[in-house]
Amino acid sequence: MIKPDLYHKSHHAIKQHVGKLIREFSNKFQWGNEDKDVFCDVGTGPGDFFVDHIYPLVKSKCKKIILADISKDMIDYCQKNFHISEKFEYKIFDIAAKSGVPAEVEGKIDHVTSMLVMHWVSDIRKALKNTFDLLSPNGGDCVIVFFAFNTIFNACNELSTSPKWYPYTRGEDNFMLTFENSKDCKAEFSEMMKAAGFENIRVDMESTVYDYETEEGLKGNKNGVAKDGYYNQTYVRADSN
């Protein structure tokens, strides 16, 4: 995800839907009594979603809010355009890093959110273990939202089997979702959470359709997370057969 401004301007339907989900689940956070909790959002991106949908729910209950992303471009954009509180701190790290999370945040977090990140990570089991390791040994909690299945990823997998399309899809591994072929996604993800160390786990699933309304709307949404104008190239090739 290397286009912060484009990503910020797109994905409106998805952001509204995920915002609704975080509002529903925010009452599950177990807050401390003295408003001294430390909060971390993993995969903050350009920052607009956090500021619009998560920050209003947590701002009065935390002494520190850490906004983290794997992309320096995203964090720079967020800090420049959405630094609305002195409680904000910024970190750049990969939640799926084999080396684990940075020492300065390990075991220091009371609450974690991760919105639409886990379907992008290279190793979801390691990402979950690292998320657990962020949390305080005295207890903590997290809310994770991600795509178990996505029709665009599925279409890219199908295109990957064709030599004509392979250079544009860059191979199946880049688009394979962990649970795409799962017979029981909820059970598998629960097992992964338990293996990472989590307890009191709740896993919900729902089917959702996002209407991009126009071809240009779809392009804008997908180019925000694509490298080198991949989706524009794909649409051009698709139009020309």
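Each remark here, short or long, concerns the structure printed above.
Residues numbered from 1 in each chain as written. Predicted model: local features only at pLDDT ≥ 70, side-chain atom pairs only at ≥ 80, totals over all residues. Heavy atoms only, no water.

Give me the lowdown on the packing of helix 5 (residues 124–134) against helix 8 (residues 185–196), citing residues and values where you can.
Each pair of packed helices gets described by two things: the angle between the helix axes and the distance between those axes. Direction vectors running N to C along helix 5 and helix 8 enclose 45°, while the axes themselves pass 8 Å from each other. One way to sum up the angle between helix 5 and helix 8 is to call them oblique. Crossing hand, helix 5 versus helix 8: right-handed. Residues Ile 124, Arg 125, Leu 128, Lys 129 and Phe 132 of helix 5 pack against Phe 189, Glu 191, Met 192, Met 193, Ala 195 and Ala 196 of helix 8. (Axes fitted to C-alpha atoms, helices over the stretch in contact; angles between N-to-C directions. Helix = DSSP H or I, 4+ residues; strand = E, 2+ residues; numbered from the N terminus. Parallel < 35°, antiparallel > 145°, perpendicular 65-115°, else oblique. Left-handed = near helix turned anticlockwise from the far one by under 90°. Contact = heavy atoms within 4.5 Å.)

Any chance you could break down the pairing of strand 3 (residues 88–92) for me, citing the residues and the numbers?
Note: strand 2 (residues 62–69) against strand 3, five bridges, orientation parallel. Looking at the pairing, Ala 68 lines up with Lys 91 of strand 3. Note on the crossover from strand 2 through helix 4 (residues 72–81) to strand 3: the handedness is right-handed. (Pairing = 2+ DSSP bridges. Right-handed = clockwise from strand over helix to strand, strands pointing away.)

I'd like a description of the sheet that holds strand 1 (residues 37–42), backed by residues and values.
Spatially, five strands are ordered 3-2-1-4-5 in an open sheet, and the strand pairing comes out parallel. On the outer flanks of this sheet lie strand 3 and strand 5 (141–145), each paired with one strand and no other. Shown here is a sheet whose adjacent strand axes are inclined to one another by a mean of 15°, direction ignored. Pairing between strand 4 (residues 111–115) and strand 5: five bridges, direction parallel. Note on strand 5: the bridge partner recorded for Thr 113 is Val 143. Along the sheet face, helix 2 (residues 12–25) touches strand 4 and strand 5 and points at about 155° away from the line of strand 5.

Could you give an account of the pattern of salt bridges, naming the residues involved and the relevant values?
Tallied over the entire structure, the rule returns eight salt bridges. A salt bridge links Glu 24 to Lys 20, with the shortest nitrogen-to-oxygen separation between them at 2.6 Å. Highlighted residues: Glu 24 and Lys 20, both in helix 2, separated by four residues, approximately one helical turn. Given the relative accessible area of 41%, Glu 24 is considered partly exposed. For Asp 204, the salt bridge is made with Arg 202, and the minimal N-O distance between the two is 2.8 Å. Judged by its relative accessible area of 54%, Arg 202 is exposed. (Salt bridge = Lys/Arg side-chain N within 4 Å of Asp/Glu carboxyl O. Buried < 20%, exposed > 50% of the residue type's maximum accessible area, 1.4 Å probe, protein only.)

Please provide a residue-by-residue account of the nonpolar core, values included.
Of all hydrophobic cores here, the largest spans 31 residues; its most connected members are Ile 95, Leu 128 and Leu 134. For this core, the elements supplying multiple residues, two or more each, are strand 1, strand 2, helix 5 and helix 8. Of the residues forming this core, the biggest block, five residues, is contributed by helix 8. Among all residues touching Leu 128, those that are not within four sequence positions of it are Met 118, Ile 144, Phe 189, Met 192, Met 193, Ala 196 and Phe 198. Counting residues in hydrophobic clusters, the runner-up holds 27 residues, among them Tyr 55, Phe 82, Val 143 and Val 145. (Core = buried A, V, L, I, M, F, W, Y, C linked by side-chain atoms within 4.5 Å.)

Shape is all these values report; function is a separate question.
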